[in-house]
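Here is how the chains run, residue by residue.
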Amino acid sequence: MARTKEFDPDEALGRALELFWERGYEATSMADLVDRLGVARASIYATFGGKHELYLKAFEHYLRTTDPSVAEAVSQPGPVLPQIRALVEAYAAESSRDRPRHGCFVVNTAVELAARDPEAARLVEASWTFLEASLTSALTRARAQGELPGDRDPRALARFLVVFLQGLRVLGRAPADDDRIRDATREALAVFG
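Residues numbered from 1 in each chain as written. Predicted model: local features only at pLDDT ≥ 70, side-chain atom pairs only at ≥ 80, totals over all residues. Heavy atoms only, no water.

*Asks:* Help me understand the overall build of the protein, please; the structure alone is not making it clear to me.
*Replies:* Along the backbone of the protein there are 9 helices and 0 strands. When its helices and strands are written in sequence order, the protein yields α-α-α-α-α-α-α-α-α. With respect to the three principal axes, the spread of C-alpha positions in the protein is 65 × 40 × 30 Å. Looking at the 193 residues of the protein, the share that counts as buried comes to 42%. Expressed as a percentage of contacts within the protein between residues at least 6 apart in sequence, the contacts between residues at least 24 apart total 68%. One finds the centroid of the 25 positive side-chain charges in the protein at a distance of 1 Å from the centroid of its 29 negative side-chain charges. (Helix = DSSP H or I, 4+ residues; strand = E, 2+ residues; numbered from the N terminus. Buried < 20%, exposed > 50% of the residue type's maximum accessible area, 1.4 Å probe, protein only. Contact = heavy atoms within 4.5 Å. Lys, Arg positive; Asp, Glu negative; His and termini not counted. Charge placed at Lys NZ, Arg CZ, Asp CG, Glu CD.)

*Asks:* Mind showing me how you'd approach the nonpolar core here?
*Replies:* Generally speaking, nonpolar side chains in soluble globular proteins are found buried as a group. In terms of nonpolar packing, the biggest core is built from 30 residues, with Phe20, Leu33, Leu37, Ile44, Leu54, Phe59 and Tyr62 touching the most fellow members. Contributing elements (two or more residues each) for this core: α1 (9-23), α2 (30-37), α3 (41-48), α4 (51-73), α6 (105-114) and α7 (118-144). The element that contributes the greatest number of residues to this core is α4, accounting for 7 residues. Among all residues touching Phe20, those that are not within four sequence positions of it are Tyr25, Thr28, Leu33, Lys51, Leu54, Tyr55, Ala58 and Phe105. Formed by 26 residues, the second largest nonpolar core is a distinct cluster that contains Ile84, Leu148, Leu157 and Leu168. (Core = buried A, V, L, I, M, F, W, Y, C linked by side-chain atoms within 4.5 Å.)

*Asks:* Hey, could you run me through the packing of α2 against α3 in this one?
*Replies:* Between two packed helices, both the angle of their axes relative to each other and the distance between the axes serve to describe the pair. Relative orientation of the contacting elements α2 and α3 amounts to 95°, with a least axis distance of 9 Å. For the element pair α2 / α3, the angle class is roughly perpendicular. Every residue of α3 that contacts α2 at Met30, Ala31, Leu33, Val34 and Leu37 is listed here: Arg41, Ile44 and Tyr45. Residues belonging to the contact of α2 with α3 are distributed by class as follows: 7 nonpolar, no polar and 1 charged. (Axes fitted to C-alpha atoms, helices over the stretch in contact; angles between N-to-C directions. Parallel < 35°, antiparallel > 145°, perpendicular 65-115°, else oblique. Nonpolar A, V, L, I, M, F, W, Y, C, P; charged D, E, K, R; others polar.)

*Asks:* For this particular structure, what's the right way to read the side chain of Ser95?
*Replies:* Its location among the elements puts Ser95 in helix α5 (residues 81-97). You can call Ser95 buried: its relative accessible area is 3%. A polar contact of 3.1 Å, which involves the side chain of Ser95, links it to the backbone oxygen of Leu168. (Polar contact = N/O pair within 3.5 Å; in protein donor to acceptor, adjacent residues only side chain to side chain.)

*Asks:* Where do I start with the layout of surface pockets in this structure?
*Replies:* A water-sized probe, rolled over the atoms, reveals where empty space remains. Quantified by volume, the largest pocket comes out at close to 400 Å³. Contributing to the lining of the largest pocket are 22 residues, with Tyr62, Thr66, Tyr91, Glu94 and Arg169 lying nearest its centre. Elements represented by at least two residues in the lining of the largest pocket include exactly α4, α5, α7 and α8 (154-173). Looking at which element gives the most residues to the lining of the largest pocket, the answer is α5, with 6 residues. (1 Å grid on protein atoms, 1.4 Å probe; cavity = no way out; pocket = protein on both sides within 12 Å on 5 of 7 lines; lining within 4 Å. Points joined across faces, edges and corners; volume = space filled by probe spheres on them.)

*Asks:* Can you help me understand the side chain of Thr136 in this one?
*Replies:* Mapping Thr136 onto the fold places it in helix α7. For Thr136, a relative accessible area of 18% corresponds to the buried category. The contact partners of Thr136, leaving out residues within four places of it in the chain, are Pro154, Arg155 and Ala158.

*Asks:* Would you mind showing me how to read the environment of Gly38 here?
*Replies:* You can see Gly38 is positioned in the loop between α2 and α3. Residues Gly38 and Ala12, spaced 26 residues apart in sequence, show a C-alpha to C-alpha distance of 8.2 Å.

Dropping the structure here:
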């Protein structure tokens, strides 16, 4: 008869995500994971695989819980541009108040791992593609509703927003000047009238 797990894998995954988010992939050791999760090394390997597999599973968990909320924020009935503005302002506010400066898990992974880790790069790209598709859909609705001129390209605007929002996340990670974030946000919002 198989033994039952002596820990909750979802809770352990959440704790691993927190640790990777605080320290990054490279600076997190298996000993750190054992300490934070309160789970024996053998149980971590048996449940999740090694550190790399655990990181990817934690990243996937992050994407499942974060990406849908962004799509939901810009898919409400009614005028679209106020939803886009609210999303941009939320990103800016979060980037300004991120203390301690953990940044965005997607951006952190892109910077630390994506150039040399195809699996991490695939997850980063999936997140950015999802964000772009959500914004493109919203901006297409905005154009159809007359909120954007007919000659505006929803996909190009969505790509601008993806780059801008991820740039905010990078600034939020560093000891950035909040005035820089505020000024850039004001200019980005001006694109949408």
